[in-house]
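Topology and contacts: notes
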Amino acid sequence: MMKSIVHRYSDGESTFIGRLAWDDDDEEPRPGVLIAPAFGGLGPFEIDRAEDLASQGYTVLVIDYYGDGKRATSEAEALTLMQALNADRAKLTRRMICALNEIKSLKTVDAQKIGAIGYCFGGKSVLDLARSGESFQAVASFHGVYDAPKESVGNMIPAALILHGWDDPLATPEDVLKLTAELSSKCRNWQLLAFGHTGHAFTNPKANAPDVGMLYSRRASDQSWRALLNFLEEQFKS
């Protein structure tokens, strides 16, 4: 039976309230996947994605990177929360490493098969986790933001998949080229899948602001999800 429950974890200073999903009919350890939410914090969209992945045989932890289960109730509040954490990328990285260590510790997880995916600000968060030099196998960013932190960036151990809307105003072609140069220098195995005539937040059915480049695309959402599943399967092959 598939389980989806609130999951608390801590880094010794802060408490984080995430979401854990897995199929408890299978007692064998299986690959684990972290999900970093968009800037509003953990919500129904990320829980649905976690349950989708759990149905595919993964143990999935949706991250609470704001701490104490904070979730924005408005776009203005989401921006405030994101800007505060974005201003301290070292803290963001520490919180991502805490989540990585947490999922590796779970009895249903094979700690040698870990992936991390993220949406929007969550895409930046999982890329920063990869930039930290921590050991895991796969990282995927959905319509993420690509600027590297000012702190030194190490080699990226995981294979990387960048899922990008080419018309995204938050990640311009210049930003994409900077990221691909970074990946070519730091990452042994990376790929970019860009969707034409597609903007930011293309996986979010509630995104409906084409005037500022944010619009749901069922085509891009479906294709990017299939690409993710194929990518994870490939990276987790025994």
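Predicted, not measured: the structure shown is a model, and the values here were computed from it.

Details of the layout of surface pockets
Over the atoms, a rolling probe the size of a water molecule traces out where space has been left empty. As a volume, the largest pocket reaches approximately 1,100 Å³. Counting residues per element, the ones that place at least two in the lining of the largest pocket are helix H1 (44-55), helix H2 (75-86), helix H4 (121-131), strand S9 (208-209) and helix H6 (218-235). Counting residues per element, the lining of the largest pocket draws most heavily on H1, which supplies five residues. Of the residues assigned to the lining of the largest pocket, the class counts are 22 nonpolar, twelve polar and eight charged.

Some thoughts on empty space enclosed by the protein
Scanning all chains against the criterion turns up one cavity of 30 Å³ or more. Lining the largest cavity are Ile17, Pro37, Gly41, Leu42, Ile63, Asp64, Tyr65, Tyr66, Gly69, Lys70 and Arg71. Tallied by class, the residues present in the lining of the largest cavity amount to six nonpolar, two polar and three charged.

Let's talk about a negative patch on the surface
Residues Asp25, Asp26, Glu27 and Glu28 make up a contiguous surface patch of negative charge. Note on placement: Glu27 falls in the loop between strand S2 (15-23) and strand S3 (30-36).

Observations concerning the sheet that holds strand S4 (residues 59-62)
Taken in spatial order, the eight strands make up an open sheet running S1-S2-S4-S3-S5-S6-S7-S8, and their pairing is mixed. The open sheet is flanked by strand S1 (2-10) and strand S8 (190-195), the only strands paired with a single partner. On average, adjacent strands in this sheet sit at an angle of 20 degrees to one another, irrespective of strand direction. The pairing of strand S6 (residues 138-142) with strand S7 (residues 159-165) spans five bridges and is classified as parallel. Bridging from a neighbouring strand, Phe142 pairs with Leu163 of S7. Across the face of the sheet, helix H5 (residues 173-186) comes into contact with S7 and S8 while running at roughly 160 degrees to S8.

Each value, and the rule that gives it
Residues numbered from 1 in each chain as written. Predicted model: local features only at pLDDT ≥ 70, side-chain atom pairs only at ≥ 80, totals over all residues. Heavy atoms only, no water. 1 Å grid on protein atoms, 1.4 Å probe; cavity = no way out; pocket = protein on both sides within 12 Å on 5 of 7 lines; lining within 4 Å. Points joined across faces, edges and corners; volume = space filled by probe spheres on them. Helix = DSSP H or I, 4+ residues; strand = E, 2+ residues; numbered from the N terminus. Nonpolar A, V, L, I, M, F, W, Y, C, P; charged D, E, K, R; others polar. Patch = residues over 30% accessible without salt bridge, like charges linked within 9 Å, V, L, I, M, F, W, Y side chains within 5 Å. Areas by Shrake-Rupley, 256 points an atom, 1.4 Å probe, with all protein chains shown as cover. Salt bridge = Lys/Arg side-chain N within 4 Å of Asp/Glu carboxyl O. Lys, Arg positive; Asp, Glu negative; His and termini not counted. Charge placed at Lys NZ, Arg CZ, Asp CG, Glu CD. Pairing = 2+ DSSP bridges. Axes fitted to C-alpha atoms, helices over the stretch in contact; angles between N-to-C directions. Contact = heavy atoms within 4.5 Å.

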